[in-house]
Amino acid sequence: MKPGLFDTTPLRDYLTGILNEHEVVRNISVGATDLDGGFLQRFYSLELDSKQDMVNAVLSSASIEIMFPHNDWNNSSYGDGGLKSMVDIIGAIEHCIN
């Protein structure tokens, strides 16, 4: 059975290409739902180990159930960040404070 209606390989390839050409200089916050634990996981670009981790964080956040497959990464399965928190107000406030 196919895990989603659409394949995310083109998005993965596009993001990988962009991040290979450009350096991330701002701390970008990306939220995804940990499908194993049911909680919102925040990823911060400047704290991730590699550019590929940033690609995985974005793909995890964009993995809208049924439409796109969930993203298995970092010993967990992640889906759309909006499943748990539509607008991550706390993350935005914490980001501004720091």
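Before reading further, recall that the structure is shown in the block above.
Since this is a predicted model, take the numbers as computed values, not measurements. (Residues numbered from 1 in each chain as written. Predicted model: local features only at pLDDT ≥ 70, side-chain atom pairs only at ≥ 80, totals over all residues. Heavy atoms only, no water.)

A complete count under the given rule lists 4 aromatic pairs for this structure. On the numbers, 5.9 Å between centres and 45° between planes, the contact of Phe6 with Phe68 is tilted. Of this pair, Phe6 sits in the segment before α1 (9-21) while Phe68 is found in the loop between α2 (51-61) and β3 (71-73), placing the two residues 62 residues apart along the sequence. With a relative accessible area of 44%, Phe6 lands in the partly exposed category. Through a chain of ring-to-ring contacts, the aromatic side chains of Phe43, Trp73 and Tyr78 assemble into a single cluster. (Phe/Tyr/Trp six-rings, centres within 6.5 Å; stacked < 30°, edge-to-face > 60°. Helix = DSSP H or I, 4+ residues; strand = E, 2+ residues; numbered from the N terminus. Buried < 20%, exposed > 50% of the residue type's maximum accessible area, 1.4 Å probe, protein only.)

Attention shifts here to the environment of Glu23. Looking at the secondary structure, you find Glu23 in the loop between α1 and β1 (29-34). Here the alpha-carbon distance between Glu23 and Lys51, two residues 28 residues apart in the chain, equals 8.9 Å.

All right, on to the packing of α1 against α2 then. Where α1 meets α2, the axes come as close as 10 Å, and the angle between the chain directions of the two elements is 140°. Classified by the angle their axes make, α1 and α2 are oblique. Judged by the sense of rotation from one axis to the other, the crossing of α1 with α2 is right-handed. The segment α1 lies against α2, with Leu11, Arg12, Leu15, Thr16, Leu19 and Asn20 engaging Lys51, Gln52, Met54, Val55, Asn56, Val58 and Leu59. (Axes fitted to C-alpha atoms, helices over the stretch in contact; angles between N-to-C directions. Parallel < 35°, antiparallel > 145°, perpendicular 65-115°, else oblique. Left-handed = near helix turned anticlockwise from the far one by under 90°. Contact = heavy atoms within 4.5 Å.)

Structurally, Asp53 can be placed in helix α2. As a buried residue without a salt bridge, Asp53 has its nearest oppositely charged side chain in Arg12, at a separation of 8.7 Å. Of the polar contacts made by the side chain of Asp53, one reaches the side chain of Trp73; its length is 3.3 Å. Apart from residues lying up to four places away in sequence, Asp53 is in contact with Leu48 and Trp73. (Lys, Arg positive; Asp, Glu negative; His and termini not counted. Salt bridge = Lys/Arg side-chain N within 4 Å of Asp/Glu carboxyl O. Polar contact = N/O pair within 3.5 Å; in protein donor to acceptor, adjacent residues only side chain to side chain.)

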